[in-house]
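Residues per chain are reported as follows:
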Amino acid sequence: MSVLYGRVALIGLGLIAGSMALAMRRGGLAGEITGYARSSETRDIAREIGLVDRVYDSAADAAEGADLVVLCVPIGVMGGVAAEISAVLKPGATVSDVGSVKRAVIEAVAPHIPEGVHFVPAHPMAGTEHSGPRSGFAELFDNRWCLIVPVEGSDRAAVERLEALWRGLGSNTEEMDADHHDLVCAVTSHAPHLIAYTMVGVADDMRRVTDSEVIKFSAAGFRDFTRIAASDPTMWRDVFLSNKDATLEVLGRFTEELFALQRAIRTGDGEHLHQYFTRTRAIRREIVEAGQDTDAPDFGRGARK
Ligand code: NAP
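All values reported here derive from a predicted model rather than from experimental measurement.

J.: Could you give an account of helix α11 (residues 244-267), with specific residues and numbers?
T.: Since the α-helix turns once every 3.6 residues, residues separated by three or four places project in the same direction. Under the 1.5 Å per step criterion, the end-to-end length of α11 is 34 Å for 24 residues, consistent within 8% with the ideal 34 Å. Residues of α11 that are buried: Ala246, Thr247, Val250, Leu251, Leu261 and Ala264. A positive backbone phi angle near 70° is found at Gly268, which sits one or two residues after α11.

J.: Which residues make up the site of the ligand, and what values go with them?
T.: Around the ligand, the surrounding shell holds 28 residues, and the nearest of these are Arg38, Ser39, Thr42, Val73 and Ser100. Leu13 places a main-chain nitrogen or oxygen 2.8 Å from an oxygen atom of the ligand. Between the ligand and the protein, one listed contact pairs an oxygen atom with a backbone N or O atom of Val73 at 2.7 Å. Contact with the protein chains hides 88% of the accessible area of the ligand, taken as 900 Å² for the molecule alone. Mapped by element, the contributors of at least two residues to the shell around the ligand are α1 (15-27), α4 (78-85) and β7 (122-124). A per-class count over the shell around the ligand returns 16 nonpolar, 11 polar and one charged.

J.: Tell me about the packing of aromatic side chains, and please be specific about residues and values.
T.: Following the criterion strictly, the structure yields two aromatic pairs and no others. Aromatic pair Phe141 and Trp166: ring centres 5.0 Å apart, planes at 90°, arrangement edge-to-face. Separated by 25 residues along the polypeptide, Phe141 in the loop between β7 and β8 (145-148) and Trp166 in helix α6 (residues 156-168) bring together distant segments of the chain. For Trp166, a relative accessible area of 1% translates into the label buried. With a centroid separation of 5.9 Å and an interplanar angle of 45°, the aromatic rings of Trp236 and Phe240 are classed as tilted. Of this pair, Trp236 and Phe240 both sit in helix α10 (residues 233-242), four residues apart, roughly one helical turn. In this structure Trp236 comes out as buried when scored by relative accessible area, which is 6%.

J.: Which residues make up the domain arrangement of the protein chain, and what values go with them?
T.: Examined at the domain level, the protein chain breaks down into domain 1 (5-176) and domain 2 (180-268). Centre-to-centre, using C-alpha coordinates, domain 1 lies 29 Å away from domain 2. The partner domain 2 presents 17 residues to the 15 residues of domain 1 that form the contact. Taken together, the two surfaces of domain 1 and domain 2 that pack against each other cover about 1,200 Å², and 66% of this comes from carbon and sulfur. Run the count over domain 1 and domain 2 and you get one salt bridge. In this structure, Glu129 engages Arg227 in a salt bridge whose closest nitrogen and oxygen atoms are separated by 3.2 Å. Summed over the shared surface of domain 1 and domain 2, the number is six residue pairs in polar contact (both at pLDDT 80 or more). The class makeup of the residues in the side of domain 1 that touches domain 2 is eight nonpolar, four polar and three charged.

J.: Describe the nonpolar core, naming the residues involved and giving the relevant values.
T.: Grouped together as the largest cluster of nonpolar side chains are 37 residues, with contacts concentrated most on Leu10, Met20, Met24, Leu162, Leu165, Trp166 and Leu169. Among the elements of the structure, β1 (5-11), α1, β2 (30-36), β4 (68-71), β8 and α6 are those that each provide at least two residues to this core. When residues of this core are assigned to their parent elements, the largest contribution, seven residues, is made by α1. Not counting chain neighbours up to four residues away, the residues in contact with Met24 comprise Val8, Leu10, Leu29, Ala30, Ile33, Leu165 and Leu169. By size, the runner-up hydrophobic cluster in this structure holds 29 residues, among which are Ile85, Ile106, Val149 and Ala178.

J.: Hey, could you go over the pairing of strand β9 (residues 172-175) for me, with residue numbers and the actual values?
T.: In the case of a regular strand, side chains alternate between the two sheet surfaces. Looking at chain direction, β8 and β9 are connected through four bridges and run parallel. Within β9, the residue paired with Trp145 across the bridge is Asn172.

J.: Report on the sheet that holds β8, specifying residues and quantitative values.
T.: Strand order in the open sheet formed by three strands is β7-β8-β9, with mixed pairing between adjacent strands. Strand pairing shows two members of the sheet lacking a second neighbour, β7 and β9, which therefore form its edges. Across the sheet, the mean angle from the axis of one strand to that of its neighbour is 20°, orientation sign disregarded. With three bridges connecting them, β7 and β8 associate as antiparallel partners. Across the sheet, the residue bridging to Pro124 is Cys146, located in β8. Sheet contacts for α6: β7, β8 and β9; angle to β9, the most-contacted strand, approximately 150°.

Calculation rules
Residues numbered from 1 in each chain as written. Predicted model: local features only at pLDDT ≥ 70, side-chain atom pairs only at ≥ 80, totals over all residues. Heavy atoms only, no water. Helix = DSSP H or I, 4+ residues; strand = E, 2+ residues; numbered from the N terminus. Expected span 1.5 Å × (residues − 1). Buried < 20%, exposed > 50% of the residue type's maximum accessible area, 1.4 Å probe, protein only. Near = heavy atom within 4 Å. Polar contact = N/O pair within 3.5 Å; in protein donor to acceptor, adjacent residues only side chain to side chain. Areas by Shrake-Rupley, 256 points an atom, 1.4 Å probe, with all protein chains shown as cover. Nonpolar A, V, L, I, M, F, W, Y, C, P; charged D, E, K, R; others polar. Phe/Tyr/Trp six-rings, centres within 6.5 Å; stacked < 30°, edge-to-face > 60°. Domains from an automatic or database assignment. Contact = heavy atoms within 4.5 Å. Buried area = accessible area lost by both parts, 1.4 Å probe. Salt bridge = Lys/Arg side-chain N within 4 Å of Asp/Glu carboxyl O. Core = buried A, V, L, I, M, F, W, Y, C linked by side-chain atoms within 4.5 Å. Pairing = 2+ DSSP bridges. Axes fitted to C-alpha atoms, helices over the stretch in contact; angles between N-to-C directions.

Below you can see the structure in the form of structure tokens.
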């Protein structure tokens, strides 16, 4: 694959930026990669493991002269970081981000993008519950979707080059409007995370009743909730605070369905339960057929307890 950007600056050096750096190297997509993270600890680790070619002590120094700047920080600080780098952005450069919510990020970042610089937001729909500079890996985006969310007036050539980058990183790409993106993600990612957080919280309360049995016998469905509920607290706080409307809409519908299932259990309506679970099983099959998960029993964990 050929070099798509002479210099790429990654602002924030955690799971997503680290995986991007490794996958860019794998594909030979960038001439040079610079980086910056808030804490000296993260910057030192990034230097030690050679995560990017050069780590700077300020966001502006990392972004100066870059052809592509990708904001890989928590959603709540995107606007502040954009303000810090605004003055040094090279004319013709592209600024992008990887935030899990799009409307709020666009509102926070767009005012800081100078004339002559392109802004093309994006969201790779891939992640793990791990964070920090050591958590990235080159295969993270392989066969996952990256949604590209052009803003009004986004330059077509800049959009297409960013899409080519994400395809080079292993992703499939699709363009989407910001509000639609936020609703889709509320259904597929944000509300499910909140439900997992809640279930683990409930089990933790119950532990006081059942002693340590919740942990001991967690291998059933609960263990998968605990993996999701181990996700980064800062990132997820910001996701809910910035995708409020869509998340509340989905949770409202969720609560209605939950009440209906609760009533079916109380009234012994097995027909309702069976029909419901048959429908949801078909959805699981579609996800596996679309290549978005493995159909191996226990998610391929094998006999591990
Ligand atoms: P992460 O591993 O926690 O890394 C976040 C990075 O941002 C760290 O390097 C952190 O630096 C840095 N940072 C925080 N505040 C900063 C500031 N004010 N200025 C400069 N750097 C700052 O997080 P991540 O999982 O890569 O997530 C980054 C973004 O990707 C988020 O917007 C998230 O919504 C999005 N995203 C995440 C996932 C996922 O599953 N994790 C998936 C798709 C998209 P320190 O280490 O020094 O604190």
